[in-house]
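Descriptive structure summary
Chain by chain, the residues:
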Amino acid sequence: DTAVSQTPKYLVTQMGNDKSIKCEQNLGHDTMYWYKQDSKKFLKIMFSYNNKELIINETVPNRFSPKSPDKAHLNLHINSLELGDSAVYFCASSPTGLAGDEQYFGPGTRLTVT
Amino acid sequence: AQKVTQAQTEISVVEKEDVTLDCVYETRDTTYYLFWYKQPPSGELVFLIRRNSFDEQNEISGRYSWNFQKSTSSFNFTITASQVVDSAVYFCAPPYRTNNNDMRFGAGTRLTVKP
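A brief report on the enclosed structure follows. (Residues numbered from 1 in each chain as written. Chains lettered and ligands numbered in written order. Predicted model: local features only at pLDDT ≥ 70, side-chain atom pairs only at ≥ 80, totals over all residues. Heavy atoms only, no water.)

Moving on: the pairing of strand E3 (residues 19-25) of chain A. Residues and elements named next belong to chain A. Alignment of strand E1 (residues 4-7) against E3, held across 4 bridges, turns out to be antiparallel. Residue Gln6 lies in a different strand from E3, and its bridge partner there is Cys23. For E3 and strand E8 (residues 73-78), the ladder comprises 4 bridges, and the chain directions are antiparallel. Paired with Glu24 across the strands is His73, a residue of E8. (Pairing = 2+ DSSP bridges. Helix = DSSP H or I, 4+ residues; strand = E, 2+ residues; numbered from the N terminus.)

As structure tokens, then:
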């Protein structure tokens, strides 16, 4: 069974569209995260949620809205997509969200905006 | 808050060579954790190791070993007898805040192991 899963794996869309990426973890973890990895492999935290509550919201445009219906799911909705949003988006989870927790990553979603 | 520097952007070695990936960090905290993750060409991120600031003992896991030196603020990673399957991007990462676990990754080192 996949511990952290993301759908879709690939997403190709046009500028201005709205799209969502879904993430689910079956590890019973309390904290989930979204990261963005650009073409130079630089990985940057976007959001983290602990038990459905937003903990971290880095300087991300408000076109990005995370939603956590329960602690096993953290979805990412992106409005009015722009070319610069093209990247690989990783979901992750950790047991408690405290420093020292190992993070378990999903396989990533490659978003291409044309 | 912690910060990490991986000065080596790319390294290329021939199979069976030993290779060391450098990681230098900055922190004002006395308690902190350091991680290494691997990202092979398939794209997933794989956890390799976690060390806390109280444990400076070097760690060995098969061909992998880690040298944690608080005196030089370094947490270097050595692969012995490298193999083609070791080709990947390797990230060193400390947590940014000691009461939280938003990972601030280094820029990564791309290792290519040639046959």
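Let's shift gears to the sheet that holds strand E10 (residues 88-93) of chain B. Residues and elements named next belong to chain B. Spatial strand order, E2-E11-E10-E5-E6: 5 strands in an open sheet with mixed pairing. In this open sheet, the two strands that pair with only one neighbour each are strand E2 (10-14) and strand E6 (46-52). Each strand axis lies, on average, 20° off the axis of its neighbour in the sheet, ignoring direction. Judged from the 5 bridges that link them, strand E5 (residues 33-39) and E10 form a sheet pairing that is antiparallel. By the bridge assignment for E10, Trp36 is matched with Cys92. (Axes fitted to C-alpha atoms, helices over the stretch in contact; angles between N-to-C directions.)

Between chain A and chain B, the contact holds 20 residues from the first and 22 residues from the second. Taking both sides of the interface into account, the surface hidden between chain A and chain B amounts to around 1,900 Å²; carbon and sulfur atoms contribute 55%. Linking chain A to chain B there are 2 residue pairs in polar contact (both at pLDDT 80 or more). Elements represented by at least two residues in the side of chain A that touches chain B include exactly strand E4 (31-37), strand E5 (43-50), strand E6 (53-57) and strand E9 (87-94) of chain A. Element by element, the count of residues in the side of chain A that touches chain B is highest for E4(A), at 3 residues. Across the side of chain A that touches chain B, the residue classes tally to 11 nonpolar, 5 polar and 4 charged. (Contact = heavy atoms within 4.5 Å. Buried area = accessible area lost by both parts, 1.4 Å probe. Polar contact = N/O pair within 3.5 Å; in protein donor to acceptor, adjacent residues only side chain to side chain. Nonpolar A, V, L, I, M, F, W, Y, C, P; charged D, E, K, R; others polar.)

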